[in-house]
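Residues per chain, in single letters:
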Amino acid sequence: MWKERKKTYLQTKIKETEEATDSGSYVTLTSTSAKPSGKAASLQSDLIFEEIGRRIKEMGSQLVKKVNAIFQWDITRDGKMVVQWTLDLKTGSGEIYQGASRCPADTVFTLSDHDFMQLVLGKIKPHRAFFVGRLKVRGNIVLGQKLEMILKNHAKL
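Residues numbered from 1 in each chain as written. Predicted model: local features only at pLDDT ≥ 70, side-chain atom pairs only at ≥ 80, totals over all residues. Heavy atoms only, no water.

In the nomenclature of an unreviewed UniProt entry, the protein chain is known as Protein lifeguard 4 of Platysternon megacephalum.

Q: Help me get a handle on unusual backbone geometry, residues and values and all.
A: You will see that Asn68, though not glycine, has its phi angle at about 55°, which is positive. Mapped onto the fold, Asn68 is located in the loop between α1 (45-67) and β4 (69-77). We classify Asn68 as partly exposed; its relative accessible area is 44%. Located in the positive-phi region is Asp78, a residue other than glycine, with phi close to 55°. Residue placement: Asp78 occurs in the loop between β4 and β5 (80-89). (Helix = DSSP H or I, 4+ residues; strand = E, 2+ residues; numbered from the N terminus. Buried < 20%, exposed > 50% of the residue type's maximum accessible area, 1.4 Å probe, protein only.)

Q: Provide a residue-level description of the sheet that holds strand β8 (residues 136-139), including the pertinent values.
A: As a general point, the strands of a sheet are linked pairwise by backbone hydrogen bonds and lie either parallel or antiparallel. With mixed pairing, five strands are arranged side by side in an open sheet as β6-β5-β4-β7-β8. This sheet does not close on itself; its edge strands, each paired only once, are β6 (95-98) and β8. Across the sheet, the mean angle from the axis of one strand to that of its neighbour is 15°, orientation sign disregarded. Relative to strand β7 (residues 107-112), β4 runs parallel, the two being bridged by six bridges. Following the sheet pairing, Asp74 is matched in β7 by Thr110. Across the sheet, α1 lies against β4, β5 and β6, angled at about 25° from β5, the strand it touches most. (Pairing = 2+ DSSP bridges. Axes fitted to C-alpha atoms, helices over the stretch in contact; angles between N-to-C directions. Contact = heavy atoms within 4.5 Å.)

Q: Talk me through the environment of Glu148; I want residue IDs and the actual numbers.
A: Mapping Glu148 onto the fold places it in helix α4 (residues 141-154). The class of Glu148 is partly exposed, set by a relative accessible area of 27%. Distance in space between the C-alpha atoms of Glu148 and Pro126 is 8.5 Å, their sequence separation being 22 residues.

Q: Kindly report on the side chain of Gln84, identifying the contributing residues and their values.
A: Along the polypeptide, Gln84 turns up in strand β5. You can call Gln84 buried: its relative accessible area is 19%. Within polar-contact distance, the side chain of Gln84 engages the side chain of Asp74 at 3.0 Å. Residues within four places of Gln84 in sequence aside, it is in contact with Gln72, Trp73, Asp74, Tyr97, Gln98, Gly99 and Ala100. (Polar contact = N/O pair within 3.5 Å; in protein donor to acceptor, adjacent residues only side chain to side chain.)

Q: How would you explain the nonpolar core if you had to name every residue and give the values?
A: Core analysis: the largest hydrophobic core is formed by 30 residues, its most contacted members being Phe49, Phe71, Trp73, Ile75, Leu87, Leu111 and Phe116. At the level of elements, α1, β4, β5, β7, α2 (113-120) and α4 are the ones that each hand at least two residues to this core. At eight residues, the largest contribution of residues to this core is made by α1. With residues up to four places along the chain from it excluded, the contact list for Phe49 reads Trp73, Ile75, Trp85, Ile96 and Phe116. (Core = buried A, V, L, I, M, F, W, Y, C linked by side-chain atoms within 4.5 Å.)

Q: So, the pairing of β4: which residues are in play, and what are the values?
A: Two faces, one strand: in a regular strand the side chains alternate between the faces of the sheet. Where burial is concerned, most of β4 is hidden: eight out of the nine residues are buried. As paired strands, β4 and β5 are joined by nine bridges and run antiparallel to one another. The residue of β5 that forms the bridge with Arg77 is Lys80. Hairpin connection between β4 and β5: a loop of two residues separates the two successive antiparallel strands, and Asp78 in this loop has a positive phi of roughly 55°.

Q: How would you sum up the packing of aromatic side chains? Please name residues and give values.
A: This structure, assessed with the given rule, holds seven aromatic pairs. Ring plane angle 40° and centroid distance 6.5 Å describe the contact between Phe71 and Trp73, whose orientation is recorded as tilted. Each member of the pair, Phe71 as well as Trp73, is classed as buried. Look at Trp73 and Phe109: their rings are 5.4 Å apart centre to centre, the planes differ by 25°, and that puts the pair in the stacked class. Here Trp73 is found in strand β4, whereas its partner Phe109 is found in strand β7, with 36 residues between them in sequence. In this structure Trp73 comes out as buried when scored by relative accessible area, which is 7%. A relative accessible area of 8% places Phe109 in the buried class. Taken together, Phe49, Phe71, Trp73, Trp85, Phe109 and Phe116 form an aromatic cluster joined through their ring pairs. (Phe/Tyr/Trp six-rings, centres within 6.5 Å; stacked < 30°, edge-to-face > 60°.)

What follows is the structure in structure tokens.
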């Protein structure tokens, strides 16, 4: 993943062969108004979760075999939770959906939309965010580290 101006480019590689399976995909991040019209209408993190969803459709069954876990993100704004996202890499070929986990999540991450974007863009390291209190983790923290490696290797996020 790299950033050029307002576009964040993503590239997926097959780990075993180092072949690029998707390059040239990008997400354009835009500024949002100070007063959002809906409760989650202007969250930048939604774009990232949607992109992860596209990647899950491409290679979800491989990730389910490697990870075998359910992750939930509680995204906050001004200290209040505004949206939840669940990444299920335990059942079927994997899926990501908006809302609380249908089964108990193995790991739950709580952070602000801004801090989530800082993590995704690489401006802050996950362990640093955790130690300074910007990222809260409940459940199996080791799975969180595994997720970080998987996302870096497969989705370049």
